[in-house]
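Letter by letter, the chains look like this.
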Amino acid sequence: MQTRPINDEALFKPILFTGKKFYLTVAILSAIVIWAAFIWIWQLWHGLGVTGLNRSVFWGVYITNFVFFIGVSHAGTLISAILRLSRAEWRRSITRMAEVITVLVLFFGVANVIIDMGRPDRLLNVIKHGHFSSPLLWDVCSISTYLTASTIYLFLPLIPDIALLRDRVSGWRKKLYTFLSLNWQGTEEQVKRLQKAIGIMAVAVIPIAVSVHTVVSYVFAMTVQPMWHSAIFGPYFVVGAIFSGIAAIITGMAIIRKVYHLEDYLKPIHFNNLGILLLVMTLLWFYFTFGEYLTTWYGHYGPGLLGMGMSPVRFQSGSQKYSADTLLYSGACLSSVL
Amino acid sequence: MPRWGMVIDLDRCTGCQACVIACKQENNVPFVSPAEAEKRRTIAWINVIQFREENSTSRMKFLPILCQHCDRPPCTPVCPTGATYKNKEGLVAQVYPRCIGCRYCANACPYTIKFFNWYAPHWPEQMQPMLNPDVSVRPKGVVEKCTFCHHRLMKAKEKAETEKRELSPEDYTPACAQTCPTGAIIFGDLDDPYSEVARLSKDARAFTLMEDLGTKPKVIYLRAGA
């Protein structure tokens, strides 16, 4: 932020100097990425059969990952926007990190959906032949809006800081930062405009963030499957998202504090305050989980006979009615991850 | 416009599985290895389930289950590309080249009769010349299911057109109904008050699967006697 004093050498250090440890980390992570890319090509070549998915468990770890990462993405934007609006001054040193987590993690979530598709080569059919009756299309809309909004929300407060960097580096980075800093001079007029833009984005981003996770839950809740067809899924998922988001920030904070020696910036107060927020969300999450499990257990809605040879159709004695507990697997899987 | 439907008389079903074989032959349903079948990845557009009533020592009962061609299908509205949709004649259709393989429809179907191609389809060498040229072979990564032998309807329509006459219900029967040795599977136009399916669908023994979901299936079962 532009209000920060300029003598914060510790903050510039990671950008101006790169150590051995950095390259080692990059090498290890690249190895994992290359390995994962190979696995994905393997899956594309042979078909989704190489995974453990099957009939009645059509969605597995990929979609669970999608829900998880979209949830973690709520870390940033939502929390930093709420704290910004409530003028909680202690937030300053964590907002940037939270916003970066949001944008990056959204890409992970979207990538997981593409990995899960049987025919990713036909991805554009969703746009060419899009049917708005499908909650998946609602997802496409709200997630792309969220991605755009949170990228802008990340970029706006970044402008004065890029300007600071612009004055410290040379070569191609100078050119890049000059371009990205959009001619920031720190004049009164510029500061006023920037504050206004950030204020607007902070308000706009909150309903978008809430809608994203509500729509993610609708993908499940709009079906008539037992345990999925549930009215509490919208708020349940939003609470779960904020819950996992805060946890992600705390984890990120702990690592960055240690690695970059930012003890002067990430103080115990940050961990304390976020810890209280996390506790509140944990209790809310527990409340929803309790509500879900108690009602289903009390209504004898538990898993019935899942296999009668091929199909999970159960025959009930007395009446000539059939009922299926088809996707309890997936329901259980989902709630355990969230 | 006819409203094609099916009545399955559970009293007549002997569980012989002839319908299952006929369907696989007719619709080029790929073979699945025993190991894959163990992983619950069998593709069978029609499948005979065995069951015994709970807390009962009565004999085995059989339930042939296939796409219910619901009048209010839960699977079609959730498809993001319209690859599965209900056509004018009420058949729930699959457009394989448009399917992106998201498996949302398969998740939405309460009857679990939508199948995903986990691998590229495979037949033993001797079987390959026997593939039905009227039915497209599905690539890996798309969802498929019973179409009420839609290709037979297309053929029947073409035939009726060249003979310059109206399509009559006898022209079109799916392979399973044609094959059933006991005549347990009856097929026809539910909107034709004089058809056998229309009459049987109003029988006292008639019921549909998971009626409480409001999917309004066009596959109607007749309860087996004691």
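Definitions and limits used
Residues numbered from 1 in each chain as written. Chains lettered and ligands numbered in written order. Predicted model: local features only at pLDDT ≥ 70, side-chain atom pairs only at ≥ 80, totals over all residues. Heavy atoms only, no water. Helix = DSSP H or I, 4+ residues; strand = E, 2+ residues; numbered from the N terminus. Rg over C-alpha atoms; globule rule 2.2 N^0.38 Å. Buried < 20%, exposed > 50% of the residue type's maximum accessible area, 1.4 Å probe, protein only. Contact = heavy atoms within 4.5 Å. Areas by Shrake-Rupley, 256 points an atom, 1.4 Å probe, with all protein chains shown as cover. Lys, Arg positive; Asp, Glu negative; His and termini not counted. Charge placed at Lys NZ, Arg CZ, Asp CG, Glu CD. Patch = residues over 30% accessible without salt bridge, like charges linked within 9 Å, V, L, I, M, F, W, Y side chains within 5 Å. Salt bridge = Lys/Arg side-chain N within 4 Å of Asp/Glu carboxyl O. Pairing = 2+ DSSP bridges. Phe/Tyr/Trp six-rings, centres within 6.5 Å; stacked < 30°, edge-to-face > 60°. Expected span 1.5 Å × (residues − 1). Nonpolar A, V, L, I, M, F, W, Y, C, P; charged D, E, K, R; others polar. 1 Å grid on protein atoms, 1.4 Å probe; cavity = no way out; pocket = protein on both sides within 12 Å on 5 of 7 lines; lining within 4 Å. Points joined across faces, edges and corners; volume = space filled by probe spheres on them. Axes fitted to C-alpha atoms, helices over the stretch in contact; angles between N-to-C directions. Parallel < 35°, antiparallel > 145°, perpendicular 65-115°, else oblique. Left-handed = near helix turned anticlockwise from the far one by under 90°. pLDDT = per-residue confidence, 0-100.

**Q** Honestly, the overall build of chain B in this entry has me stumped. Any pointers?
**A** Across its full length, chain B carries 6 helices and 10 strands. Taking 226 residues into account, the globule formula puts the C-alpha radius of gyration at 17 Å, and chain B, at 18 Å, falls close to it. With respect to the three principal axes, the spread of C-alpha positions in chain B is 55 × 45 × 40 Å. When each of the 226 residues of chain B is scored for burial, the buried share is 56%. Counted over contacts in chain B with a minimum sequence separation of 6, partners at least 24 positions apart contribute 62%. Counting only carbon and sulfur atoms, one obtains 54% of the accessible surface of chain B, whose full area is about 10100 Å². Side chains of chain B give 30 positive and 25 negative charges; the mean places of these two sets differ by 5 Å.

**Q** Just to check I follow, could you spell out a nonpolar patch on the surface for this structure?
**A** Residue and element names in this part refer to chain A. Taken together, the side chains of Leu24, Ile28, Leu29, Ile32, Trp35, Phe38, Ile39, Trp42 and Val50 present a nonpolar region at the surface, about 930 Å² in accessible area. Considering the arrangement of structural elements, one finds Ile32 in helix H2 (residues 20–46). Judged by its relative accessible area of 46%, Ile32 is partly exposed.

**Q** I tried to follow the pairing of strand S8 (residues 185–189) of chain B on my own but got confused; where do I start?
**A** Regular strands place side chains that alternate from one sheet face to the opposite one. Residues and elements named next belong to chain B. With respect to burial, S8 is a largely interior element, 5 of its 5 residues being buried. Note: strand S1 (residues 4–9) against S8, 5 bridges, orientation antiparallel. Its bridge partner lying in S8, Ile8 is registered against Ile185.

**Q** How should the packing of aromatic side chains be read in this particular structure?
**A** Within a pair of aromatic rings, the relevant descriptors are the distance that separates the centres and the angle that separates the planes. Under the definition given, this model contains 25 aromatic pairs over all chains. Plain terms: the ring middles of Trp59 of chain A and Trp228 of chain A are 5.9 Å apart, the flat faces sit at 20° to each other, and that makes the pair stacked. Highlighted residues: Trp59 of chain A in the loop between H2 and helix H3 (61–72) and Trp228 of chain A in the loop between helix H10 (188–221) and helix H11 (233–259), separated in sequence by 169 residues. Each of the two residues, Trp59 of chain A as well as Trp228 of chain A, counts as buried. Each ring, one from Tyr172 of chain B and one from Phe187 of chain B, has its centre 5.0 Å from the other, and the planes form 75°; the classification is edge-to-face.

**Q** Please explain helix H7 (residues 135–155) of chain A as it appears in this structure.
**A** Given 3.6 residues per turn, any residue in an α-helix points the same way as the ones three and four places further on. Compared with the 30 Å implied by 1.5 Å per residue over 21 residues, the 30 Å span of H7 of chain A between its first and last C-alpha is a close match. Looking only at H7 of chain A, the buried set comprises Pro135, Leu136, Leu137, Asp139, Ser142, Ile143, Tyr146, Leu147, Ala149, Ser150, Tyr153 and Leu154 of chain A. Contacts made by the buried residues of H7 of chain A are with H3, helix H4 (76–85), helix H5 (92–116), helix H6 (125–128) and H10 of chain A together with helix H3 (104–108) of chain B.

**Q** Hey, could you run me through the interface of chain A and chain B in this one?
**A** On the chain B side, the residues contacting the 56 residues of chain A number 53 residues. If you look at where chain A meets chain B, you find 1 salt bridge. Sorting the residues of the side of chain A that touches chain B by element identifies H2, H6, H7, H10, strand S1 (313–315) and strand S2 (322–324) of chain A as the ones contributing at least two each. Its residues placed into classes, the side of chain A that touches chain B shows 27 nonpolar, 23 polar and 6 charged.

**Q** When you look at the layout of surface pockets in this model, what are you seeing that I'm missing?
**A** Where empty space is left can be seen by rolling a probe of water-molecule size over the atoms. All names here are of chain A. Within this model, the second largest pocket holds a volume of roughly 560 Å³. Lining the second largest pocket are 23 residues, with Val110, Val113, Leu123, Leu136 and Val140 positioned closest to its centre. Within the residue set of the lining of the second largest pocket, elements represented by two or more residues are H3, H5, H6, H7 and H10. Considering each element in turn, the lining of the second largest pocket owes the most residues, 6 residues, to H7. In terms of residue class, the lining of the second largest pocket is built from 20 nonpolar, 1 polar and 2 charged.

**Q** Explain the sheet that holds strand S9 (residues 206–207) of chain B to me, please; I cannot follow it from the model alone.
**A** If you walk across this open sheet you meet the 4 strands as S8-S1-S10-S9 (chain B), and the pairing is mixed. Each of the sheet's edge strands pairs with one partner strand only, and the pair in question is S8 and S9 of chain B.

**Q** Where do I start with the environment of Ile39 of chain A in this structure?
**A** Secondary-structure assignment places Ile39 of chain A in helix H2. Judged by its relative accessible area of 38%, Ile39 of chain A falls in the partly exposed class.

**Q** Quick question: what am I supposed to make of the packing of H3 of chain A against H5 of chain A here?
**A** How two helices pack is summed up by the angle between their axes together with the distance between the axes. All names here are of chain A. Where H3 meets H5, the closest approach of the two axes is 8 Å, and the angle between their N-to-C directions is 165°. The angle between H3 and H5 falls in the class roughly antiparallel. Between H3 and H5 lies a crossing whose hand is left-handed. Residues Tyr62, Ile63, Asn65, Phe66, Phe69, Ile70 and Val72 of H3 form the contact with H5, whose participating residues are Ile101, Val105, Leu106, Phe108, Gly109, Asn112, Val113, Ile115 and Asp116. When its residues are assigned to classes, the contact of H3 with H5 shows 12 nonpolar, 3 polar and 1 charged.

**Q** Which parts of the structure should I look at to understand unusual backbone geometry?
**A** Backbone geometry follows two general trends: most residues other than glycine have a negative phi, and most peptide bonds adopt the trans configuration. Residues other than glycine seldom take positive phi values, yet Arg87 of chain A does so here, at roughly 50°. Within the secondary structure layout, Arg87 of chain A lies in the loop between H4 and H5. The phi torsion at Cys149 of chain B lies on the positive side, around 45°, for a residue other than glycine. Structurally, Cys149 of chain B is set in the loop between strand S7 (143–144) and helix H4 (150–162). We classify Cys149 of chain B as buried; its relative accessible area is 5%.

**Q** How do you make sense of the pattern of salt bridges when you look at a structure like this?
**A** Close approach of charged atoms lets side chains of opposite charge pair. Across all of its chains, the model carries 21 salt bridges over all chains by this definition. Measuring nitrogen to oxygen at the nearest pair gives 2.9 Å for the salt bridge that ties Arg96 of chain A to Asp161 of chain A. Residue Arg96 of chain A is found in helix H5, and its partner Asp161 of chain A is found in helix H8 (residues 159–166); the two are separated by 65 residues along the sequence. With its nearest N and O atoms 3.7 Å apart, the salt bridge here joins Arg205 of chain B to Asp11 of chain B. Separated by 194 residues along the polypeptide, Arg205 of chain B in the loop between helix H6 (196–201) and S9 and Asp11 of chain B in the loop between S1 and helix H1 (18–26) bring together distant segments of the chain. The class of Arg205 of chain B is partly exposed, set by a relative accessible area of 26%. Overall, Asp11 of chain B belongs to the partly exposed group, its relative accessible area being 43%. Overlapping salt bridges, with partners in common, bring together Arg3, Asp71, Asp191 and Lys218 of chain B in one network.

**Q** Even after reading the chapter, I still don't get the confidence of the model for chain B, so can you show me in this structure?
**A** Per-residue confidence for chain B gives a mean pLDDT of 92, with 99% of residues at or over 70. Predicted complex, confidence summary: ipTM 0.87, pTM 0.86.

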